[in-house]
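Summary of the model geometry
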Amino acid sequence: MKKLLPIICVLLASCAGMNETKKQTKLYVFECGKITVKDISLFSPGVDKGVEKKLTNSCYLIKHALGTLVWDTGLPDGLVKNKKGLTKGAFHLKKMRTLTSQLKEIGVEPSSVDYVAFSHFHFDHTGNANLFKNSKLIIQEVEFNAAFGKDAAKMGFKPKSYNKLNQATAIKVNGDHDVFGDGQVIIKSAPGHTIGHQVLFIDLYKKGPIVLSGDLYHFTKNRKNRRVPSFNYNKKQTLHTMDLIENFVNNTGAEFWIQHDLEFNQTIKHSPKFYQ
Ligand SMILES: [Zn+2]
């Protein structure tokens with residue numbers, strides 16, 4: 001027993017250390033734009049035809065003891081100058097604050113961010129991607145190939161908004177990826193909306209587990225009714241992913257955050273406040 005004691009102490013110390021690390025992790029939510037959809041049936045085929053709906057656009061930062069991760073970069077900061085906003089096809093886009101200024105407020109320079117990841121490469125998620133060319137890009141390999149391939153525009157991507165990420169170190173993954181190696185921040189493959197769509201699981205010490213669900217759903221009513229937008233990459237794959245992620249959410253007891261849901265977004269804390 002005497003011989004075992006130091007080993008047990010070392011093990012306990014490392015457990016305590018892990019807990020200390022977990023306590024330090026913070027999640028910040030940023031305002032990254034507002035989107036008015038002129039006909040919401042684009043997101044729910046055959047339902048609510050011609051009905052206008054407002055969505056929000058959000059970006060996130062995770063500060064972990066081993067580094068920082070930006071999740072989605074929203075509409076471009078340049079849009080803030082355009083007070084009336086911009087109409088783009090079926091969407092009216094507006095932005096009140098730049099992501100850069102919100103990061104600055106909490107003492108973060110984009111060039112110092114360790115990792116950047118996107119739920120997917122649609123334009124409303126990659127608006128400020130080029131600010132993070134010094135970060136390591138964590139991306140599903142199929143999404144990388146689509147985003148940097150010749151058919152990127154056909155996939156609904158806007159290469160100009162993220163072209164500098166070509167210089168970034170890319171961590172191409174096929175499936176789930178544990179960002180800091182301790183199970184606290186995990187990127188989960190969730191294809192269907194785009195070819196390599198992914199969601200983010202964060203297990204916070206006080207708040208508990210959360211899933212940032214990208215565009216798996218755009219608003220609560222679509223989650224309840226398992227509706228798939230007409231422009232999704234693959235409807236069957238989306239429905240399968242919905243089942244897998246909903247199972248995961250049930251098993252982990254995670255809170256499910258719909259990133260574009262305006263009403264939900266109004267109920268959560270925004271930076272400089274944070275979740276821990
Ligand atoms: Zn999307």
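For the protein, an unreviewed UniProt entry supplies the name Metallo-beta-lactamase domain-containing protein and the organism Halobacteriovorax marinus. If you open the UniProt record of the protein and go to Sequence similarities (unreviewed entry), you find "Belongs to the metallo-beta-lactamase superfamily."

Description of the packing of aromatic side chains
Taken as a whole, this structure holds 13 aromatic pairs when the rule is applied. On the numbers, 6.3 Å between centres and 65 degrees between planes, the contact of Phe43 with Phe91 is edge-to-face. Of this pair, Phe43 sits in the loop between β1 (26-37) and β2 (53-64) while Phe91 sits in strand β5 (residues 91-94); the two residues are 48 residues apart in sequence, bridging distant segments of the chain. Assessed through its relative accessible area of 18%, Phe91 is described here as buried. Through successive ring pairs, a cluster of aromatic residues spans Phe118, Phe121, Phe144, Phe148, Phe157 and Tyr162. Seen from the ring of Phe256, Arg223 lies directly overhead, with NZ or CZ sitting 4.0 Å from the centre. Lying across the ring of Tyr275, Lys269 places its NZ or CZ 4.7 Å from the centre.

Looking at the sheet that holds strand β12 (residues 208-212)
Pairing between the strands of a sheet comes from backbone hydrogen bonds, and it takes one of two forms, parallel or antiparallel. Read across the sheet, 5 strands follow the order β9-β10-β11-β12-β13 without closing on themselves; strand pairing throughout is mixed. Unpaired on one side and paired on the other, β9 (177-178) and β13 (255-257) mark the two borders of the sheet. Direction of pairing for β12 relative to β13: parallel, over a ladder of 3 bridges. Within the sheet, the bridge partner assigned to Ile210 lies in β13 and is Glu255.

Quick notes on the environment of Phe148
Along the chain, Phe148 turns up in the loop between α4 (141-147) and β8 (170-173). For Phe148 and Asn225, which are 77 residues apart along the polypeptide, the C-alpha to C-alpha distance reads 34 Å.

What about the nonpolar core?
Taken as a class, soluble globular proteins show a tendency for nonpolar side chains to be buried jointly. Core analysis: the biggest nonpolar cluster contains 26 residues, and Phe30, Leu61, Phe121, Leu137, Tyr162 and Leu165 have the highest contact counts within it. Elements with a minimum of two residues in this core: β1, β2, α2 (99-105), β7 (136-140) and α4. Not counting the four nearest positions on each side in its chain, Tyr162 is found in contact with Phe121, Thr126, Ala129, Asn130, Ala147, Phe148, Ala152 and Phe157. With 22 residues, the next largest nonpolar core counts Tyr60, Val173, Leu200 and Ile210 among its residues.

Some words on the environment of Gly17
With respect to the helices, strands and loops of the structure, Gly17 is situated in helix α1 (residues 4-24). Accessibility expressed as a relative area gives 32% for Gly17, which makes it partly exposed. Between the alpha carbons of Gly17 and Leu239 there is a distance of 40 Å; along the sequence they are 222 residues apart.

Cut-offs used in this document
Residues numbered from 1 in each chain as written. Predicted model: local features only at pLDDT ≥ 70, side-chain atom pairs only at ≥ 80, totals over all residues. Heavy atoms only, no water. UniProt positions renumbered as here; feature names shortened; annotations may be inferred. Phe/Tyr/Trp six-rings, centres within 6.5 Å; stacked < 30°, edge-to-face > 60°. Helix = DSSP H or I, 4+ residues; strand = E, 2+ residues; numbered from the N terminus. Buried < 20%, exposed > 50% of the residue type's maximum accessible area, 1.4 Å probe, protein only. Lys NZ or Arg CZ within 6 Å of the ring centre and 35° of its normal. Pairing = 2+ DSSP bridges. Core = buried A, V, L, I, M, F, W, Y, C linked by side-chain atoms within 4.5 Å. Contact = heavy atoms within 4.5 Å.

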